Amino acid sequence: MKDISQMIKLVAIEKKDVLLSILFGFLAGMAAVGLFASSGYLISRAALVPPLYALTVLIAFLKLFGFARALGRYAERYYSHRATFTMLSNIRVAFFEKLEPYAPRVFQKYRSGDLLARIVGDVESLQNFFLRVYYPPVVLVVIFLSTIVFTSVFSTSIAIVLLLGLTLTGVFVPFLFSLRQRTIENRVRESRGELSIDVTEFLYGFRDLKIYQQLEDKEERLHESSSSYIREQEREGMQRIFSHSVNTLVSLLISWVVLGLGAYLVARGDLNGLFLAMLVMISLTVFENATPMAVLPSHLEDSKRASRRLFSIGDEMIEDNGRLHLAGGESYGFELSGVDFRFPEEERQTLQQVNLKIPAGSKTALVGPSGSGKSTLLQLLLKIHTPNQGEILLNEHPMAQIDEESVWSKSNVVLQENHFFFGTVRENLQLAKDDLTDEQMLDALRDVELGSFQLDYPVFEKGENLSGGEKQRLAMARALLKGEQLWILDEPTSSIDALTERKIYERLFNQAEKDTLILVSHRLTGLELMDQIIVMDEGTIVEKGTYNELMHKQGYFYEMKQIEKTIFG
Amino acid sequence: MKHLSKLAFGQRKVILALFIISLIIGGTIIGQAYFFVAIVDRIFLEQQSFQEIVPLLAGLLLVLAGRAGFTWLHGRTGVKMAARAKSHFRQAIIKKFSRNPIQASLKGQSGRKVSVLMDSVDEIDGYFSNYVPQMIQTAVIPLMILIVVFTQHIYSGLIMLITAPFIPFFMAIVGVMTKKKSEEQMEKLSAFSGKFLDTLQGLTTLKLFGRAQKQKDEIEKSSLGFRDATMGVLKVAFISSLMLEFISMLSIGLIALEIAIRLVVYESIPFFSAFFILVLAPEFYLTLKDFGSAFHTGRGSSGAANQLAEELSETESYVEWGEEKLSAGSNPPFLELENVHFSYGKEEGLFALENIQATIPAYSQTAIVGRSGSGKSTLLHVVAGLIQPSEGQVKVNGEVLSFYQEHEWFKEVSYISQHPYLFSGTIAENIAIGGRGDHTMNDIKAAAQRAGIAELIESLERGYETPVGEAGRGLSGGEKQRLAIARAFLKRPSVILFDEPTTGLDLKTERILQESMKELSKTSTVITVAHRLHTIKNADQILFLDQGNLAALGPHEVLMERHPEYKEMVRLQQGGTPA
């Protein structure tokens, strides 16, 4: 139950809607029982030909129950759904609050790209927690107990039979099946996973499969994994139908017992025959309320899994305990000694024995093939990652002692992936700093050769309506607007043509004249102005020096440069 | 839904079975009501003894068991039918895709196809497992109940007959209303619901700009906005079921009232009939209401079904193959391109290749050169036999490619792409996929050695058994290239098609690529989409493509001399970027 305690706490916040859902659920359920009970009673009464006014009262009851049931059901649905959606909002906020302090470090631990989509999915699946897990049993128990109390007025033994039936259909049968259900659902999930891998490989790896003549085998396998997925789904469906039928059978049998017992009691004179029809009708109706119990176990399981996954994210993360705040108004230098870094899931070191000095106010370029560790090194400088070994000093303070947010607030960062939010260009630029004027923003746009952009231009989710080059330039504009004195730029112009790149760099170097600038560059051009060029390969620094020194040396950089010269676009 | 209903009702036997089972279920419902009522009647009014009603109780037990049993059978039949339908669709789609998804992957639609194959097929389940069986039940059971009620009491039957149509009528009205309402809210809904994901995805950016904490309120605001918009839509749906509830409730109440009055005032109806009708009436409306929810499921499936039908009806040309063997001989094959055309769409002006004419001798090295979008990769695909030229032909050893068996041709070919695909499996399996099936582990190791990746593999804890691909760890771009080269070394093809990487790899991989191609080309005919000057200079001939046309053909030196556009391109590449 520990997985779910977080959820229960979140449910408790919405007390009012929760109580209203339960209340109206109870009302609707009771009204239905009342409706059928009174119709049974009415008909029996009518058979005895009573005075008409007695019937009139009963008929009024009948109508009342009818309306109460319909309205109760409506109100129950309304409040329970409203409670659910408010809860989803609370879950999102609670989750965000938990995640936020660890971002962006937390994303290194879960590098799989679908983490975020999974989080969203988990939150969505938790909507079933209140609707299908939390309140139906409460309503059920209250209705059952009330019904049983009411029935016991007429016959204790029939009340006991009902109690037995309700335990069977409400608890015993659903939980009996839930055990099997769980294994079956796991198998469905597994076989779906297998099919999904096969489908992906089939479509994305098609060319290689075709050339290597593996396509037929793969197609065969695809058919097989599809069949086994469908087979598992079928088994799941069969199981669902079976458990449903068993539950129906049990409730019908209980009604049968109620009828038999009632008949026996009437025949013996222990029960007034007038109530027989009523009791049978009650029994036939009340079991309807047990139906939601059939799906409860699997939703409970889902909710547990979702909330466990959701709220364990960040569990083993250590909060940043740097207390030192950077004052700003100065430029920053770095010193790295013996830095090793390995991603938790990786076998190989991403960085090995990195020793590096970046003087304050200097301009540094990091170059090297993809996967050589350049971006990771940048992230270490930003305190997004912390080294496994070795030390990083920022202006002579150990990085560990500096508040991470203080590092970020004092740097202008452009990453390889920059996020843009749904909204306008203005809103996305305003992230950079408070109190920016339109003129400043327009100037920045011009500086990155986006003079044609209006501040009111819409930006879609993830900047989907922008080209790669436009996104990079907007990110650069954001960095220019921020105007701090540490520049950390990861391939900021890889999708921009050389001419535009040169113009943007000119303005950048102008603004950053006295600042520290660290640039990962995908091109080996325009590096003559750099104070030092760091060449990386397989997580180590293989060379460093100025452009002229490296060219003169004719080492790794020189060779890369030769290859680049001969590469055709 | 047409497509689905054809498929469903095409399964005659199953449909017939569902009908028969529905009839039986209808029978048990009526029987159940009958026995219940008869027992109450005899005990309560006729004051019979318990012994006298025991046979009725036995009958009731039988009917109840029958009802549960046949409901189970009915559900099973639906589930089975759904499984068959899904299997039918998925097989058809797989077959379709296996013919020619290259075009789709060229158009970048593989992701959509994955979802068609997985989700769309799953979504039709509801139509078969829920909608069709419920529809048949609704066609049979209310009618049976109605007939029985009419035999008991005409007026009650009439009330049912008149009130019943209100249910589908209201359902239709509400369906239209919710649809309109939800369409109105759609944009709002998607904006609100996207906000959370948008914020999570942008969390790094937000943190770096010190804006993350503010977002908490934004998330709450948009979540609550989402709630209110959703509740707006849901309210309509809830009101609709409220109305349905009212209709059936009022109808039942009306029947009860009518019966009671007749029973008391006119004494024109026996207790048995009155009670019998009263028990049957809710069953009648319940079946109608159940159909309503099944109908929603059915409509959900029909969207997916349309998608599937669309996918299946798409015509794509696929590559034809023949029956002949490709006589290997001692030399690798020579190729001829005769008047090769290829276009992506039927629309005019979408030509990717036009009138390509060239001869590629055995052992030769040919480089395909041109700006991006000039059709280089498409030409390589045509030569590989992965897409069918819309006009003209590729000839191998003087015969059209479609003259040979598919297997015979691909046995001779290695294709090294810019982004070699890693299949989920071990590294050894990924290298072995290149082989002809007769290799040993030592062959694999030797191939890895030649491709300069053995050292790396052996440094891994599990060596050649390290899982890669979907499930396992990734390799860097350079390492994947080397793995693809290892595949080629294992296969020793006589034709090599090579799509050279556009960006610089690590020096080691660059060197290995050069050396390996040199080595491999000793025994094969090589065609390269070239991005490196040394590859171009080493080529025996160059196919210079410009907007799908063969602008020039010949060795590098000749083209440099005679072809100003080619010269300009080379000059731009070397001097165009400021060095």
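Counting from 1, residues in each chain are numbered in the order their sequence is written. Chains carry letters and ligands carry numbers; both start at the beginning, A for chains and 1 for ligands, and go up in the order they are written. Local features in a predicted model are, by the rule used here, given only for residues with pLDDT of at least 70; side-chain atom pairs are given and counted only at 80 or more, and totals for whole chains, interfaces and linings are based on all residues.

Observations concerning the overall build of chain B
Here comes step 1: Counting secondary structure elements, chain B contains 21 helices and 12 strands.
Here comes step 2: We take the radius of gyration over the C-alpha atoms and set the globule estimate at 2.2 Å times the residue count to the 0.38 power. Computed over its C-alpha atoms, the radius of gyration of chain B comes to 36 Å, more than 25% above the 25 Å expected for a compact globule of 579 residues.
Here comes step 3: Counting only C-alpha atoms and orienting by the principal axes, one finds that chain B spans roughly 115 × 65 × 55 Å.
Here comes step 4: Think of it this way: build a C-beta for each residue from its backbone, and any pair within 7 Å is a contact. Sequence separation of 24 or more characterises 78% of the internal contacts of chain B that already satisfy a separation of 6 or more. For the purposes of this entry, the term helix denotes a DSSP run of H or I that reaches at least four residues, the term strand denotes a run of E that reaches at least two, and both are numbered from the N terminus.

Notes on the interface of chain A and chain B
Here comes step 1: Chain A puts 115 residues into the contact, and the matching count from chain B is 121 residues.
Here comes step 2: Per-element tally for the side of chain A that touches chain B: the top contributor is helix α9 (residues 215–268) of chain A, with 25 residues.
Here comes step 3: Taken together, the residues of the side of chain A that touches chain B break down into 61 nonpolar, 30 polar and 24 charged. The classification used treats Ala, Val, Leu, Ile, Met, Phe, Trp, Tyr, Cys and Pro as nonpolar, Asp, Glu, Lys and Arg as charged, and all other residues, Gly among them, as polar.

Some words on the sheet that holds strand β4 (residues 389–394) of chain A
By way of backbone hydrogen bonds, the strands of a sheet pair with one another, either parallel or antiparallel.
Residues and elements named next belong to chain A.
Here comes step 1: Overall, antiparallel pairing links the four strands, which are arranged β2-β1-β4-β5 in an open sheet. One side of each edge strand has no neighbouring strand; the edge strands of this open sheet are β2 (351–358) and β5 (397–398).
Here comes step 2: In the sheet, strand β1 (residues 334–341) pairs with β2 via five bridges, with the strands oriented antiparallel. Within β2, the position partnered with Phe334 by the bridge is Ile358.
Here comes step 3: Only the stretch in contact is used when fitting a helix axis, every axis being a line fitted to C-alpha atoms; angles between N-to-C directions are given from 0 to 180 degrees. Across the sheet, helix α12 (residues 374–381) touches β1, β2 and β4, and the angle it forms with β1 is around 120°. Pairing between two strands requires that DSSP report at least two bridges joining them.

Structural notes on the UniProt feature "transmembrane region" (unreviewed entry) in chain B
Residues and elements named next belong to chain B.
Here comes step 1: UniProt positions are given in the numbering used here, feature names are shortened, and annotations may be inferred rather than shown by experiment. UniProt records the feature "transmembrane region" (unreviewed entry) at residues 14–36, 56–74, 135–152, 158–178, 236–257 and 269–288, using the numbering of this structure.
Here comes step 2: Here residues 14–36 runs as 100% helix and 0% strand, with 32 Å between its end C-alpha atoms.
Here comes step 3: Along residues 158–178 the backbone is 90% helical and 0% strand, and the end-to-end C-alpha distance reaches 31 Å.

Details of helix α11 (residues 291–312) of chain A
Residue and element names in this part refer to chain A.
Here comes step 1: Expected span of a helix, by definition, is 1.5 Å for each gap between consecutive residues, and there is one gap fewer than residues. Over its 22 residues, α11 extends 33 Å from the first C-alpha to the last, a length consistent with the 32 Å expected when each residue adds 1.5 Å.
Here comes step 2: The bend at a residue is defined as the angle formed between two axes, one fitted to the seven residues ending at that residue and one fitted to the seven starting there. At Pro297, α11 shows its maximal kink, close to 35°.
Here comes step 3: Gly314 sits one or two residues past α11 and shows a positive phi near 90°.

A word on the UniProt feature "domain: ABC transporter" (unreviewed entry) in chain A
Here comes step 1: Here, UniProt's "domain: ABC transporter" (unreviewed entry) annotation points to residues 334–563 of chain A.
Here comes step 2: Between the C-alpha atoms that bound residues 334–563 of chain A the distance is 31 Å, and the span itself is 32% helix and 26% strand.

Brief notes about the domain arrangement of chain B
When the parts of a complex come together, some accessible area is lost, and that lost area is often used as the size of the interface.
Residue and element names in this part refer to chain B.
Here comes step 1: What fixes the domain bounds is an automatic or database domain assignment. One can read the domain layout of chain B as domain 1 (1–153 + 296–316), domain 2 (154–268), domain 3 (319–412 + 493–579) and domain 4 (422–492).
Here comes step 2: Placing the centre of domain 1 and that of domain 2 at their C-alpha centroids yields a distance of 25 Å.
Here comes step 3: Opposite the five residues of domain 1 that make contact, domain 2 presents seven residues.
Here comes step 4: For the side of domain 1 that touches domain 2, the per-class residue count stands at four nonpolar, one polar and no charged.

Examining the sheet that holds strand β9 (residues 486–490) of chain A
All names here are of chain A.
Here comes step 1: Overall, mixed pairing links the six strands, which are arranged β6-β9-β10-β3-β11-β12 in an open sheet. Looking along the sheet, the strands with just one partner apiece sit at the ends: β6 (411–414) and β12 (540–545). Shown here is a sheet whose adjacent strand axes are inclined to one another by a mean of 15°, direction ignored.
Here comes step 2: Where strand β3 (residues 363–367) and strand β10 (residues 516–520) come together, four bridges link them in parallel fashion. Each residue of the ladder has a partner; that of Thr364, found in β10, is Ile518.
Here comes step 3: Where helix α19 (residues 556–566) meets the sheet, it contacts β11 (532–537) and β12, and its direction lies at approximately 85° from that of β11.

Topic: the packing of helix α3 (residues 52–99) of chain A against helix α6 (residues 127–154) of chain A
Residue and element names in this part refer to chain A.
Here comes step 1: Look at α3 against α6: their axes get within 8 Å of each other, and the N-to-C directions meet at 130°. Considered as vectors, α3 and α6 are oriented oblique to each other. Two packed elements cross with a definite hand, and for α3 against α6 that hand is right-handed. From α3, Ser80, Ala83, Thr84, Met87 and Leu88 reach across to α6, where they touch Gln127, Phe130, Leu131 and Tyr135.
Here comes step 2: When its residues are assigned to classes, the contact of α3 with α6 shows six nonpolar, three polar and no charged. Note on terminology: angles under 35 degrees are roughly parallel, angles over 145 are roughly antiparallel, angles of 65 to 115 are roughly perpendicular, and the others are oblique. Handedness of a helix crossing follows the sense of rotation of the near helix relative to the far helix, less than a right angle counterclockwise being left-handed and clockwise being right-handed.

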